[in-house]
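# Structural description and commentary
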There are 2 protein chains.
Amino acid sequence: MPHPFDPGYVAEPFLTLCAGYPEADIYPSSQFRLEWGPIFHRGRLDGSARVLVIGQDPAQHETVVRRILVGEAGRRTQGLLAKLGITRSYVFINTYLYSVYGSVKAATRKNPNLIDYRNRWLNALLVGSRVEVVLALGQAADEAWQLWKATPPAQSVTVAYAPVTHPTQPESSSKGDRTKLAAATKKMLQNWNAALQSLSPSLDHPDVPTPFVLYGETWADGDRVPIPEIDYPAGLPAWMREQDGWAKRLGGDDLAKRRNITITVTKGVVT
Amino acid sequence: MPHPFDPGYVAEPFLTLCAGYPEADIYPSSQFRLEWGPIFHRGRLDGSARVLVIGQDPAQHETVVRRILVGEAGRRTQGLLAKLGITRSYVFINTYLYSVYGSVKAATRKNPNLIDYRNRWLNALLVGSRVEVVLALGQAADEAWQLWKATPPAQSVTVAYAPVTHPTQPESSSKGDRTKLAAATKKMLQNWNAALQSLSPSLDHPDVPTPFVLYGETWADGDRVPIPEIDYPAGLPAWMREQDGWAKRLGGDDLAKRRNITITVTKGVVT
């Protein structure tokens, strides 16, 4: 059975962007997990993307896979794209190149060098491209968009844009309270429905003609969509794509946890 | 500071080879760590390689990095290539796509499908290529070479060839006995010296003109050479290149160990 894969960074400007990325002087180690290296993208870099998603920060699964939004947040976003008929023609980048550790200071967020590097990615993906729709997941991503939108290269670009609630915001805001989780999920899906309604007319080239169906008040079957194999580097095993929880940060204290990623092959794969 | 990286599998025939690889029917899960996926190569796939190295099996560091021979065996081999003046124009593939678990049965080793797939890599790297020298690390790699050498496409290929002792054979054969280790190291370096003497006249295009200096009776300064950053995928942190021991298989029993890779950032990188 063939295993399509993402060839990664094979042409300019991505070769240069991935060889010369911001380091500790721009992303302080006190605010970012610099030690695991930058993680750049997921999806199409060959000019075929119709939708650009600006995400937030990469976590432990993303660190192993070296692609962003490969966990639950990724599957939910994949489902949102599927409702627009987009199954393949998308590209994701993150607001931050590194996973956030603690919180990001305003001075860091507004560092012109941090913004410039991100804008070079946005220029590469948007100026003169086929992208019709841009989605920002969460507030930091929205800010990233606004900062780019104010630059000269952005003036030539006409795309539909919607900032949406981050796909795992319901979990992070409800902290284990099931009633709060249900309410936050409902609120997020309403927010996503509004985005679908505003973006859908601008998406002229879906991958798959798709009847327009909004979200209900909670997740329905099919709302979470697996991340396609073609988004992963060559040779990664199937269990890395199929569910979360195979990569954890373990350790007896904060430093030990920070220094660790423990990978465990999903139960039942080896016996 | 720019961080050159290996773009990986960007052109044919490597796109096809890395999308359609042998799986459980050819590499039984009882003999190979199939669960971690295949690991294909390290080095130049752009036709610039002058030396091809056939290695043995990928271990835990290689599994995380998704490139082969990135640990101690890799650094020793890198040193051997440096003595030939080769610092960049090389490519490594493995005898087996997956890490060996236990031992490999003769029926597996001699499976025509296993051999055919490997031969497709050897054809891609050797037929009509610039390769002048082929090195095989260990017996299984030597067998792989002989099996390819007997095929029709190999008949058009003229290269110098040497099978050498596997670079960590001294450690694996001496099992902690320092006297045995010293003797095995001496013996291996003699074996490598013989290979250098036999191969050196055939290497017409070194990367760096290099005075011909053989190994002594034990490792000398400079005999172990760091693996260049350009051999790694984009964005991997420096500590993954600098020393071994950051990836371990931990667990209370064989199955738990088999299902685990624990990554620990090298001490001092995060404080």
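As a reminder, the structure under discussion sits directly above these lines.
Described below are features of the structure shown in this document. (Residues numbered from 1 in each chain as written. Chains lettered and ligands numbered in written order. Predicted model: local features only at pLDDT ≥ 70, side-chain atom pairs only at ≥ 80, totals over all residues. Heavy atoms only, no water.)

### Side note on the packing of helix α5 (residues 112-126) of chain B against helix α6 (residues 139-149) of chain B
Residue and element names in this part refer to chain B.
- In contact at an axis separation of 10 Å, α5 and α6 are set at 75 degrees when each is read in the N-to-C sense. On the basis of their axis angle, the class for α5 and α6 is roughly perpendicular. For the pair α5 and α6, the contacting residues are I115, R118, N119, L122, N123 and L126 in the first and A144, W145, L147 and W148 in the second.
- For the contact of α5 with α6, the class distribution of residues is seven nonpolar, two polar and one charged. (Axes fitted to C-alpha atoms, helices over the stretch in contact; angles between N-to-C directions. Helix = DSSP H or I, 4+ residues; strand = E, 2+ residues; numbered from the N terminus. Parallel < 35°, antiparallel > 145°, perpendicular 65-115°, else oblique. Contact = heavy atoms within 4.5 Å. Nonpolar A, V, L, I, M, F, W, Y, C, P; charged D, E, K, R; others polar.)

### Section: the interface of chain B and chain A
- Counting residues at the interface gives 37 residues for chain B, matched by 37 residues for chain A.
- Together, H3, R259 and V270 of chain B form the three largest contributors to the area buried by chain B at its contact with chain A, with a combined 20%.
- One can count zero salt bridges joining chain B with chain A.
- The tally of links between chain B and chain A comes to 14 residue pairs in polar contact (both at pLDDT 80 or more).
- Of all the elements in the fold, those that place two or more residues in the side of chain B that touches chain A are α1 (14-19), α10 (254-258) and β7 (260-264) of chain B. (Buried area = accessible area lost by both parts, 1.4 Å probe. Salt bridge = Lys/Arg side-chain N within 4 Å of Asp/Glu carboxyl O. Polar contact = N/O pair within 3.5 Å; in protein donor to acceptor, adjacent residues only side chain to side chain.)

### Thoughts on the side chain of H61 of chain B
All names here are of chain B.
- Its place among the elements puts H61 in helix α2 (residues 60-65).
- A polar contact is formed between the side chain of H61 and the backbone nitrogen of G245, at a distance of 3.0 Å.
- For H61, the residues in contact, after removing those within four places along its chain, are V70, D244, G245, W246 and A247.

### Regarding unusual backbone geometry
Residue and element names in this part refer to chain A.
- With omega at 5 degrees, the peptide bond leading from E12 into P13 counts as cis.
- Among the structural elements, P13 can be located in the segment before α1 (14-19).
- Despite not being glycine, R66 has its phi angle at roughly 65 degrees, a positive value.
- You can see R66 is positioned in the loop between α2 (60-65) and α3 (72-83).
- In the Ramachandran plot, L69 falls in the positive-phi region, its phi being about 50 degrees despite a non-glycine side chain.
- Mapped onto the secondary structure, L69 falls in the loop between α2 and α3.

### Let's talk about the sheet that holds strand β2 (residues 51-55) of chain B
Residues and elements named next belong to chain B.
- Spatial ordering of the open sheet is given by β1-β3-β2-β4-β5, a layout of five strands whose pairing is mixed. Looking along the sheet, the strands with just one partner apiece sit at the ends: β1 (41-43) and β5 (160-164). The sheet shows a mean angle of 15 degrees between the axes of neighbouring strands, taken without regard to direction.
- With five bridges joining them, β2 and strand β3 (residues 90-94) adopt parallel strand pairing. Following the sheet pairing, I54 is matched in β3 by I93.
- Docked against the sheet, α5 engages β1, β2, β3 and β4 (133-137), running at close to 175 degrees with respect to β3.
- Lying over the sheet, α6 contacts β2, β4 and β5, oriented at roughly 135 degrees with respect to β4. (Pairing = 2+ DSSP bridges.)

### With respect to the environment of T168 of chain A
- In this fold, T168 of chain A is placed in the loop between β5 (160-164) and α7 (169-174).
- What T168 of chain A contacts, discounting residues up to four positions off in sequence, is E72, A73 and R76 of chain A.

### Details of the pairing of strand β3 (residues 90-94) of chain A
All names here are of chain A.
- Along β3, five of the five residues are buried, which leaves the element largely enclosed by surrounding structure.
- Residue alternation in β3 divides its side chains into two sets, Y90, F92 and N94 and V91 and I93, and both sets are buried.
- Pairing of strand β1 (residues 41-43) with β3, which is carried by three bridges, proceeds in the antiparallel orientation. The residue bridging R42 from the neighbouring strand is F92, located in β3. (Buried < 20%, exposed > 50% of the residue type's maximum accessible area, 1.4 Å probe, protein only.)

### Details of helix α8 (residues 178-199) of chain A
All names here are of chain A.
- In this model, α8 (22 residues) spans 31 Å end to end at C-alpha, consistent with the 32 Å of a helix rising 1.5 Å per residue.
- Looking at the buried side of α8, the elements it contacts are α3, β4 (133-137), β5 and α7.
- Put simply, D177 is the residue that caps the front of α8, since its side-chain oxygen is 3.0 Å from the backbone nitrogen of T179. (Expected span 1.5 Å × (residues − 1).)

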